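Below are the chains, spelled out letter by letter.
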Amino acid sequence: MLTPAFDLSQDPDFLTIAIRVPYARVSEFDVYFEGSDFKFYAKPYFLRRVLLTLPGRIVENGSEQGSYDADKGIFTIRLPKETPGQHFEGLNMLTALLAPRKSRTAKPLVEEIDASEIPEEVVDDEEFDWEIEQTPYEEVSESALNPQCHYGFGNLRSGVFQRLQDELNDVIDIKNPDFTPAAERRQKRLAAELAKFDPDHYLADFFEDEAIEQILKYNPWWIDKYSKMKAFLEKSQEEENHAALVSFSEEEKYQLRKFVNKSYLLDKKACRQVYYSLIDILLAYCYETRVTEGEKNVESAWNIRKLSPTLCWFETWTNVHEIMVSFGRRVLCYPLYRHFKLVVKACSDTIKILQLGKSAVLKCLLDIHKIFQENDPAYILNDLYISDYCVWIQKVKSKKLAALAEALKEVSLTKAQLGLELEELEAAALLVQEEETALKAAHSVSGQQKLCSSSEASDSEDSDSTVSSGNEDSDSDSEQDELKDSPSETVNSLQGPFLEESSALLIVDGGVCKNTAIQESDANQGKPLASSQPLGVSGPLIEELGEQLKTTVQVSEPKGTTVVNHSNMQERDGRQTPND
């Protein structure tokens, strides 16, 4: 018997059921509906039958309608609601609408009562307590009471890995889970996380967080849905209709139709474990979706099961806080991006998904189921957990998920609670970074000082050479200008020393001596010479003094000057000769 594709929708007065049967004969089909039951039968090529348990009651009052689209092969049936205006909740939970399989046993050991027969005040009347349940201490080993340990959805499975030893190491981290109690699993998990933690990897992501910031800016599909839900609730103040914001693709609807509708008999402790493990799985899924930005890859299955202790260690929980602590430790130990901000962001994403309701949670679980189904060893986890979650979540009340979201929102997680000494590592790394920065600054300052001193020295040398060359040039220029402008002054300056050095005494009347240079200067100025006065010395003495003067002039004076002075002396001698 094959189940055709079908879809349900509603308006205030009618429930619409669209059934796709492209090979059915229009003349041969049967439709039956009464109360909350609906049946559809068509043939000949494929025997197709739909048996639905509707969330509300319908009635046959003559206003029902039906049509068939031959091109698409779709039957569309509109059925009137028994109570006009009533909202049917959960019409997109296709697996829950399918009739459950009948038991093949002669007499059921446990009979399940129809939910419609239970008074409403009994169903979900008790508020779920998410705090730690206090139990008295019992010093009895769990392995003695439970020689074969349980795991899986609601801890309902055992003995699975005794038959799957080959795939064991590729799927989970725990060894021999069938005989490892929960307390020992946790001890081994904590030890493995401490051994795996890499401080260098953590500090590298802590300081070089460009990629982390880019990941945090990504908005998954539930961000937009959550914004629309908030805006819708502010306007209408109705919480029952916002589930329609989350829709399923055709592939997801096909997945839902393949699941077998069944019920789960869970006690209070097992029910709490199911809710806690749901948080753990959603946290891992939110991290994976964010870091890959919605683009799944070959590592997606590894990331989800590695970050969820429920999936890789079959961990059990007692409160929400220890789930967050465990998830935070594993984020900082295993994946590629290890940053505390990603832990906080995944928690925020999980809260939004839970507040969106079971449709959003189911959409996430269907995506996880698809990822595991396409991964060879991880498909075992679908059989142990995900498939059952996909069926179970469709029957969960939305207020339970809202309460779970509030419990998760109240959890405050710090780095110190992770037990990895993160704050000490960060403080030490910051000190080292400051020291390196100071050393680099000191080296750069000393290097600049050396460059400045060397440049100043070279500049001073260049300026000195420039000044000296400038002085030399200016001196030579000034000398040339002086020589060109006053040649007579130059000659006189050259003659001055000669006149001083070659001064000779002439004895005039009264025994007064006069300098010959003075006489020459006086003669040049037109003054009368002293030769007109009588001399009181003899001629030989004058001749001797003249010879000495000639010798002095020849030794110390230039030729031109000597000639001039010598002629002057001859003239003076000639003028003095008559008086001798």
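Residues numbered from 1 in each chain as written. Predicted model: local features only at pLDDT ≥ 70, side-chain atom pairs only at ≥ 80, totals over all residues. Heavy atoms only, no water.

Per an unreviewed UniProt entry, the protein chain goes by the name Protein SHQ1 homolog and belongs to Macaca mulatta. Looking at the Subunit (unreviewed entry) heading of the UniProt record, one finds this comment for the protein chain: "Directly interacts with DKC1 alone, but not in the context of the core trimer composed of DKC1, NOP10 and NHP2, nor in the presence of NAF1. Does not interact with NAF1." (UniProt positions renumbered as here; feature names shortened; annotations may be inferred.)

Before going further, it helps to examine the overall build of the protein chain. Across its full length, the protein chain carries 21 helices and eight strands. A total of 580 residues make up the protein chain; the buried ones form 38% of that total. Sequence separation of at least 24 residues holds for 72% of the intrachain contacts in the protein chain that already meet a minimum separation of 6. Summed over all atoms, the accessible surface of the protein chain reaches about 33300 Å², with 51% contributed by carbon and sulfur. (Helix = DSSP H or I, 4+ residues; strand = E, 2+ residues; numbered from the N terminus. Buried < 20%, exposed > 50% of the residue type's maximum accessible area, 1.4 Å probe, protein only. Contact = heavy atoms within 4.5 Å. Areas by Shrake-Rupley, 256 points an atom, 1.4 Å probe, with all protein chains shown as cover.)

Time to look at the pattern of salt bridges. The tally for this structure, following the rule as stated, stands at 23 salt bridges. The salt bridge involving Asp 383 is made with Arg 157; its shortest N-O contact spans 3.1 Å. Here Asp 383, found in helix 15 (residues 379–392), pairs with Arg 157, found in the loop between helix 2 (142–145) and helix 3 (165–171); they are 226 residues apart in sequence, far enough to count as distant. Owing to a relative accessible area of 44%, Asp 383 belongs among the partly exposed residues under this scheme. Relative accessible area serves as the criterion here: at 24%, Arg 157 is assigned to the partly exposed category. The partner of Glu 322 in a salt bridge is Arg 186, and the shortest N-O contact between them spans 3.1 Å. On the criterion of sequence distance, the pair formed by Glu 322 in helix 12 (residues 320–331) and Arg 186 in helix 4 (residues 182–196) is long-range, its members being 136 residues apart. We classify Arg 186 as partly exposed; its relative accessible area is 25%. Residues joined by salt bridges that share partners form a network here, namely Asp 173, Arg 186, Arg 189, Glu 193, Lys 306, Glu 315, Glu 322, Arg 329 and Arg 330. (Salt bridge = Lys/Arg side-chain N within 4 Å of Asp/Glu carboxyl O.)

Under the 1.5 Å per step criterion, the end-to-end length of helix 9 (residues 268–291) is 36 Å for 24 residues, consistent within 8% with the ideal 34 Å. Burial runs high along helix 9: 22 of the 24 residues are buried. Looking one or two places after helix 9, you find Glu 293, whose phi comes out positive at around 55°. (Expected span 1.5 Å × (residues − 1).)

Take the sheet that holds strand 5 (residues 65–69) next. Spatial ordering of the open sheet is given by 1-2-6-5, a layout of four strands whose pairing is antiparallel. The sheet terminates laterally at strand 1 (5–10) and strand 5, the two strands that pair on one side only. Put simply, the sheet's adjacent strands are angled 15° from each other on average, direction ignored. As judged from the five bridges shared by strand 5 and strand 6 (residues 74–80), these two strands associate in the antiparallel manner. (Pairing = 2+ DSSP bridges. Axes fitted to C-alpha atoms, helices over the stretch in contact; angles between N-to-C directions.)

Another aspect to go through is a nonpolar patch on the surface. On the surface, Val 26, Phe 29 and Val 31 cluster together to form a nonpolar patch covering roughly 210 Å² of accessible area. Assignment of secondary structure puts Val 31 in strand 3 (residues 24–44). (Patch = residues over 30% accessible without salt bridge, like charges linked within 9 Å, V, L, I, M, F, W, Y side chains within 5 Å.)

Glancing now at empty space enclosed by the protein. According to the stated counting rule, one finds four cavities of 30 Å³ or more in the structure shown. Residue lining of the second largest cavity: 13 residues in total, with Gly 152, Gly 154, Asn 155, Ser 277 and Tyr 385 positioned closest to the centre. Here the residues of the lining of the second largest cavity are counted per class, giving five nonpolar, seven polar and one charged. (1 Å grid on protein atoms, 1.4 Å probe; cavity = no way out; pocket = protein on both sides within 12 Å on 5 of 7 lines; lining within 4 Å. Points joined across faces, edges and corners; volume = space filled by probe spheres on them. Nonpolar A, V, L, I, M, F, W, Y, C, P; charged D, E, K, R; others polar.)

Nonpolar side chains in soluble globular proteins tend to be buried together. Ranked by size, the top nonpolar core spans 116 residues in total, and within it Phe 372 and Trp 392 carry the most contacts. Tallying contributions element by element places helix 9 first for this core, with 14 residues. The two domains that each donate at least three residues to this core are domain 1 (6–98) and domain 2 (154–422). Ignoring any residue separated from it by four or fewer positions in sequence, one finds Phe 372 in contact with Ala 301, Ile 304, Arg 305, Leu 311, Ala 378, Tyr 379, Leu 381, Asn 382 and Ile 386. (Core = buried A, V, L, I, M, F, W, Y, C linked by side-chain atoms within 4.5 Å. Domains from an automatic or database assignment.)

Time to look at the packing of aromatic side chains. Considering all chains together, one arrives at 14 aromatic pairs under this definition. When the ring of Phe 206 is compared with that of Phe 207, the centres are 5.0 Å apart and the planes differ by 85°; the resulting orientation is edge-to-face. On the basis of an interplanar angle of 40° and a centroid distance of 6.1 Å, the ring pair of Phe 314 and Tyr 385 is categorised as tilted. Of this pair, Phe 314 sits in the loop between helix 11 (309–312) and helix 12 while Tyr 385 is found in helix 15, placing the two residues 71 residues apart along the sequence. As far as burial versus exposure is concerned, Phe 314 and Tyr 385 are alike and both buried. Aromatic ring contacts, followed pair by pair, group Phe 153, Tyr 264, Tyr 275, Tyr 389 and Trp 392 into a single cluster. The aromatic ring of Phe 88 is capped on one face by Lys 81, whose charged end is 4.8 Å from the ring centroid. Lys 363 extends its terminal NZ or CZ atom over the ring of Trp 221, reaching a point 5.8 Å from the ring centre. (Phe/Tyr/Trp six-rings, centres within 6.5 Å; stacked < 30°, edge-to-face > 60°. Lys NZ or Arg CZ within 6 Å of the ring centre and 35° of its normal.)

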